[in-house]
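Geometric and topological summary
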Amino acid sequence: MLEQIIEEFSALPWQDRVKALEKYADQSIAFSTSLSYEDQVITHLIADQDTPVKVFTLDTGRLFEETHKVAQATREKYKNIALETYYPDAQKTQELVANQGINGFFDSIENRKNCCGVRKVEPLNRALDGVNIWISGLRRAHSENREELPIAELDAGRNIIKFYPLIDVEEDTLKDYIHQHDIPYNELHDKGFPSIGCAPCTRAISAGEPMRAGRWWWEQDDAQECGLHMVDGKLVRVKKG
Ligand code: SF4
């Protein structure tokens, strides 16, 4: 199925790729949205077609208020989509904070990975349980180590096909599409935040900086990874660019 998806979907215009998933409607399809402008475009495309897709987001408990606002605006605009929210396990979160403090992720890479593990990876794994095709808004332009990404690949660790319908789409194209279709988007994107994660771990960037430079900015480049994207059972590193 993976080779078939790569061949079929690469040939399609990007606006038609989500709709073309109807051919795979017998599969369990899910879309994880961080409510970024890429993901808002995908949500819009999902709302405009009939194939059942589970749409979910992760609320780590440390998100920006602006992110919650766009989540609510998305619920109100796309009433035919049930945006599910997955939260960290309460007991594990309590233990995490007891062990390393509320902002312990600043102290070491290990602490940061622990925090991402509890607040992101475990809820993500719960959300993806039983899923066969996982739609994600990754684009090649996000960073150097994404330049070779195919339009779909196997997440061997989870045994799920990851599908990137916007893999080859430019930022300006997506922003034009958002304005043309009046799609809700995170106002932080207009304030120097091209990539938005948890509030304490994301800063605005300056002109000329790589787009992910504002994520985990206090760490060395080669230590940065969000823990969410795996290839061949290994974490795909997300460098500053
Ligand atoms: Fe914790 Fe920061 Fe990871 Fe969010 S991005 S889960 S606050 S370490």
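Further up the page is the structure itself.
Residues numbered from 1 in each chain as written. Predicted model: local features only at pLDDT ≥ 70, side-chain atom pairs only at ≥ 80, totals over all residues. Heavy atoms only, no water.

**Here's the deal with the overall build of the protein chain**
The secondary structure content of the protein chain amounts to seven helices and eight strands. Its C-alpha atoms give the protein chain a radius of gyration of 17 Å, within 12% of the compact-globule value 18 Å for 241 residues. Dimensions of the protein chain, computed from C-alpha atoms along their principal axes, come out at roughly 50 × 35 × 35 Å. The 241 residues of the protein chain split such that 51% are buried. Sequence-distant contacts, at least 24 apart, represent 67% of the contacts inside the protein chain between residues at least 6 apart. Accessible surface for the protein chain amounts to roughly 11300 Å². Of this, 48% is attributable to carbon and sulfur atoms. Side chains of the protein chain give 29 positive and 40 negative charges; the mean places of these two sets differ by 4 Å. (Helix = DSSP H or I, 4+ residues; strand = E, 2+ residues; numbered from the N terminus. Rg over C-alpha atoms; globule rule 2.2 N^0.38 Å. Buried < 20%, exposed > 50% of the residue type's maximum accessible area, 1.4 Å probe, protein only. Contact = heavy atoms within 4.5 Å. Areas by Shrake-Rupley, 256 points an atom, 1.4 Å probe, with all protein chains shown as cover. Lys, Arg positive; Asp, Glu negative; His and termini not counted. Charge placed at Lys NZ, Arg CZ, Asp CG, Glu CD.)

**Describing the site of the ligand**
Around the ligand, the structure places Arg62, Phe105, Arg112, Cys115, Cys116, Arg119, Lys120, Cys198, Cys201 and Trp216. For the shell around the ligand, the class distribution of residues is six nonpolar, no polar and four charged. (Near = heavy atom within 4 Å. Nonpolar A, V, L, I, M, F, W, Y, C, P; charged D, E, K, R; others polar.)

**Considerations on the sheet that holds strand E3 (residues 84-86)**
Ordered by their spatial adjacency, six strands build an open sheet running E3-E2-E1-E4-E6-E5, and the pairing between neighbours is mixed. The strands lining the two open edges of the sheet, one partner per strand, are E3 and strand E5 (152-155). When the angles between neighbouring strand axes are averaged without regard to direction, this sheet yields 30°. Sheet analysis places strand E1 (residues 29-32) next to strand E4 (residues 133-135), joined by three bridges and oriented parallel. Paired with isoleucine 29 across the bridge in E4 is isoleucine 133. Across the sheet, helix H1 (residues 2-10) lies against E4, E5 and strand E6 (160-163), angled at about 155° from E5, the strand it touches most. Running over the sheet, helix H6 (residues 109-127) touches strand E2 (54-58), E3 and E4 and is turned about 165° from E2. (Pairing = 2+ DSSP bridges. Axes fitted to C-alpha atoms, helices over the stretch in contact; angles between N-to-C directions.)

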